[in-house]
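Residues per chain, in single letters:
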Amino acid sequence: MPTDLPYAADAEVSLSYDEIEVLRLQYEKELGQSHITVQTKFNYAWGLVKSPVRENQVEGVRLLQEIYRTEPSRRRECLYYLALGYYKMGNFTDARSFNDLLLSREPTNLQAQSLASLIDKGVTREGYVGMALAGGVAAVGTLVIAGLIRRATRK
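Residues numbered from 1 in each chain as written. Predicted model: local features only at pLDDT ≥ 70, side-chain atom pairs only at ≥ 80, totals over all residues. Heavy atoms only, no water.

The name given to the protein in an unreviewed UniProt entry is Mitochondrial fission 1 protein, and the organism recorded there is Suillus subaureus. Regarding the protein, the relevant UniProt record gives this comment under Sequence similarities (unreviewed entry): "Belongs to the FIS1 family." (UniProt positions renumbered as here; feature names shortened; annotations may be inferred.)

Here it is as structure tokens:
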């Protein structure tokens, strides 16, 4: 899904398995020591959100939500990656909510503006798919009703 928006690269570029593995190992090392720094947790969550694997994205969003709730000083940076994570998972409602919150605080944030445009395109695309599905269901329903009417008139 290439875009001409200069600041939306996070939405399209995934980390490799090896890059995520480095972050995971650091996270697990600190977990084993019973003390995970906020930076390590954020780095791991960031990497998971940028993964092409949905389960990783879900876990990344969960970690970012924890940071957002417990670390007020890190909320601003969590907002963008929460929006990005939800966008990548196709949850455009939550993506828009977090991105709008960031834009309300930083209206000139080019990353958030760019992501807002991608979210809008995703919603539009999802709407087209929904309309196509509804149209298909209506067509099948019409054929079934026409067949029943035809059968009833033959008796």
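Engineer: Just to check I follow, could you spell out helix α3 (residues 38-49) for this structure?
Structural biologist: Every α-helix winds through 3.6 residues per turn, so residues three or four apart in the chain are directed the same way. Along its twelve residues, α3 runs 16 Å from first to last C-alpha, staying within 8% of the 16 Å computed at 1.5 Å per residue. For α3, the set of buried residues is Thr40, Lys41, Phe42, Tyr44, Ala45, Gly47, Leu48 and Val49. (Helix = DSSP H or I, 4+ residues; strand = E, 2+ residues; numbered from the N terminus. Expected span 1.5 Å × (residues − 1). Buried < 20%, exposed > 50% of the residue type's maximum accessible area, 1.4 Å probe, protein only.)

Engineer: How should the nonpolar core be read in this particular structure?
Structural biologist: One recurring pattern in soluble globular proteins is that nonpolar side chains are buried together. In this structure, Leu64, Cys78, Leu82, Leu84, Tyr87 and Leu115 are the most contacted members of the largest nonpolar core, which totals 35 residues. At the level of secondary structure, the elements contributing two or more residues to this core comprise α2 (17-32), α3, α4 (54-70), α5 (75-88), α6 (92-105) and α7 (110-154). Sorting elements by how many residues they give to this core places α5 first, with nine residues. (Core = buried A, V, L, I, M, F, W, Y, C linked by side-chain atoms within 4.5 Å.)

Engineer: What am I meant to see in the packing of α4 against α5 here?
Structural biologist: A pair of packed helices is captured by two measures, namely the crossing angle of their axes and the spacing between those axes. It is the contact of α4 with α5, at a shortest axis distance of 9 Å, that shows an interaxial angle of 155 degrees. Between α4 and α5, the crossing angle belongs to the class labelled roughly antiparallel. Judged by the sense of rotation from one axis to the other, the crossing of α4 with α5 is left-handed. For the pair α4 and α5, contact is made by Gln57, Val61, Leu64, Gln65, Ile67, Tyr68 and Arg69 and by Arg75, Cys78, Leu79, Tyr81, Leu82, Gly85, Tyr86 and Lys88, respectively. Across the contact of α4 with α5, the residue classes tally to nine nonpolar, three polar and three charged. (Axes fitted to C-alpha atoms, helices over the stretch in contact; angles between N-to-C directions. Parallel < 35°, antiparallel > 145°, perpendicular 65-115°, else oblique. Left-handed = near helix turned anticlockwise from the far one by under 90°. Contact = heavy atoms within 4.5 Å. Nonpolar A, V, L, I, M, F, W, Y, C, P; charged D, E, K, R; others polar.)

Engineer: Just to check I follow, could you spell out the packing of aromatic side chains for this structure?
Structural biologist: One pair of aromatic rings is described through two measures. These are the centre distance and the angle between the planes. Counted by the stated rule, this structure contains six aromatic pairs. Note that arginine 75 overlies the ring of tyrosine 68, its terminal NZ or CZ placed 5.2 Å from the centroid. (Phe/Tyr/Trp six-rings, centres within 6.5 Å; stacked < 30°, edge-to-face > 60°. Lys NZ or Arg CZ within 6 Å of the ring centre and 35° of its normal.)

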